[in-house]
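Read off the chains here:
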Amino acid sequence: GENVEQHPSTLSVQEGDSAVIKCTYSDSASNYFPWYKQELGKRPQLIIDIRSNVGEKKDQRIAVTLNKTAKHFSLHITETQPEDSAVYFCAAGSSNTGKLIFGQGTTLQVKP
Amino acid sequence: EPEVTQTPSHQVTQMGQEVILRCVPISNHLYFYWYRQILGQKVEFLVSFYNNEISEKSEIFDDQFSVERPDGSNFTLKIRSTKLEDSAMYFCASSLDRGITKNIQYFGAGTRLSVL
């Protein structure tokens, strides 16, 4: 069935370092890949997304890459700050159905 | 900025009781979703809803679950006879469309359901 695998489950970096989170999806029909940031007890907030017609997208310190052939997509955060500490979820969606299949989440800790 | 709103923020119920979780999607959105997140786990899709009917549902969404859009603004999730394992955070989401250009889903703050 449809599945999204996300790694690592936890990631600890020093402030200023880069962080990379990787996801793999199984459904070939997936064409939309959002990333959500969830702070403790709060709603998932969309931080960046990418669609299958592009391979890379950047928004300030955040970038996402997509390899459709390998069914991989990754989140890159540069110059990390303590406020980047949160749980990050990748997801895969299809314009056929609209539903999002989420990865297991990555707890990112940025140490000052 | 428009937001998806959910009420209540926390619902405590006894096993076997019925609960209704309420959501007000963003006003011009057409697609509505319910997801749940068991504590410490990933967000799981339950159901999507469009044009007053279910578009898709997951295996989790069995006969004890139902959704309804009783008026032009509310979108509800009913759990008929709650079980202990229904304890989770339930998120409502909405999107303008589901096509590739307008399918961004905005999430509500969630309702924490505690079944005792």
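The structure this text deals with has already been given above.
What comes next concerns the included structure. (Residues numbered from 1 in each chain as written. Chains lettered and ligands numbered in written order. Predicted model: local features only at pLDDT ≥ 70, side-chain atom pairs only at ≥ 80, totals over all residues. Heavy atoms only, no water.)

Focus: the overall build of chain A
Logical step 1: Counting secondary structure elements, chain A contains zero helices and 11 strands.
Logical step 2: Starting at the N terminus and walking to the C terminus, you meet the elements of chain A as β-β-β-β-β-β-β-β-β-β-β.
Logical step 3: Across its three principal directions, the C-alpha atoms of chain A cover 45 × 30 × 20 Å.
Logical step 4: Buried positions account for 47% of the 112 residues belonging to chain A.
Logical step 5: When contacts within chain A are restricted to residue pairs at least 6 apart in sequence, those whose partners lie at least 24 apart make up 54%.
Logical step 6: Accessible surface, chain A as shown: approximately 5400 Å² in total, 47% of it carbon and sulfur.
Logical step 7: Of the side chains in chain A, 12 bear a positive and 12 a negative charge, and the two mean positions are spaced by 4 Å. (Helix = DSSP H or I, 4+ residues; strand = E, 2+ residues; numbered from the N terminus. Buried < 20%, exposed > 50% of the residue type's maximum accessible area, 1.4 Å probe, protein only. Contact = heavy atoms within 4.5 Å. Areas by Shrake-Rupley, 256 points an atom, 1.4 Å probe, with all protein chains shown as cover. Lys, Arg positive; Asp, Glu negative; His and termini not counted. Charge placed at Lys NZ, Arg CZ, Asp CG, Glu CD.)

Quick word on the overall build of chain B
Logical step 1: Counting secondary structure elements, chain B contains zero helices and 11 strands.
Logical step 2: Reading chain B from its N terminus to its C terminus gives the helix and strand order β-β-β-β-β-β-β-β-β-β-β.
Logical step 3: Radius of gyration (C-alpha) of chain B: 13 Å, near the 13 Å computed for a compact globule of 116 residues.
Logical step 4: With respect to the three principal axes, the spread of C-alpha positions in chain B is 40 × 30 × 25 Å. (Rg over C-alpha atoms; globule rule 2.2 N^0.38 Å.)

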